[in-house]
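# Structural overview for review
So you can see what is in the structure, the chains are spelled out below.
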Amino acid sequence: MKKPKSDSSGKFQIDKFREAARELKTDQSEAAFDKAMDKIAHAPKLTNEQIKELVRRKRGEAG
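Before going into details, it helps to say that this report is about the structure given with it. Here the structure is a predicted model, which is why all the values come from computation and not from measurement. (Residues numbered from 1 in each chain as written. Predicted model: local features only at pLDDT ≥ 70, side-chain atom pairs only at ≥ 80, totals over all residues. Heavy atoms only, no water.)

Each helix and strand counted, the protein chain has three helices and zero strands in total. Secondary structure of the protein chain in N-to-C order comes out as α-α-α. Scored against the burial criterion, the 63 residues of the protein chain give a buried share of 2%. For the protein chain, the exposed area adds up to about 6,600 Å²; of that, 57% sits on carbon and sulfur atoms. (Helix = DSSP H or I, 4+ residues; strand = E, 2+ residues; numbered from the N terminus. Buried < 20%, exposed > 50% of the residue type's maximum accessible area, 1.4 Å probe, protein only. Areas by Shrake-Rupley, 256 points an atom, 1.4 Å probe, with all protein chains shown as cover.)

Shown next, in the form of structure tokens:
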């Protein structure tokens, strides 16, 4: 088995992932997962024109 590699700061990839997850305050509970899936499953289907309009608005906000 290979030994995990660390970056120049000495952190392993999994450690960086865990740190980022803590900073984002992720919730790994089944209830949180079910809530997110329900939101996705019941989201309205967008038309191509609606998608283009969303992209235009997002680009306008960024600029």
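Structure's up, so let's keep going.
Considering all chains together, one arrives at four salt bridges under this definition. With a closest N to O distance of 3.8 Å, Glu 49 and Arg 56 form a salt bridge. Of the charged contacts in the structure, one is a salt bridge between Arg 57 and Glu 53, with a shortest N-O distance of 3.7 Å. Placement of both Arg 57 and Glu 53 in helix 3 (residues 48-62) is noted, with a separation of four residues, approximately one turn of the helix. Taken together, the salt bridges that share partners define one network made up of Glu 49, Glu 53, Arg 56 and Arg 57. (Salt bridge = Lys/Arg side-chain N within 4 Å of Asp/Glu carboxyl O.)

The end-to-end C-alpha distance of helix 2 (residues 30-41) is 16 Å, a good match for the 16 Å that 12 residues give at a rise of 1.5 Å each. Buried residues are scarce in helix 2, accounting for zero of its 12 residues. (Expected span 1.5 Å × (residues − 1).)

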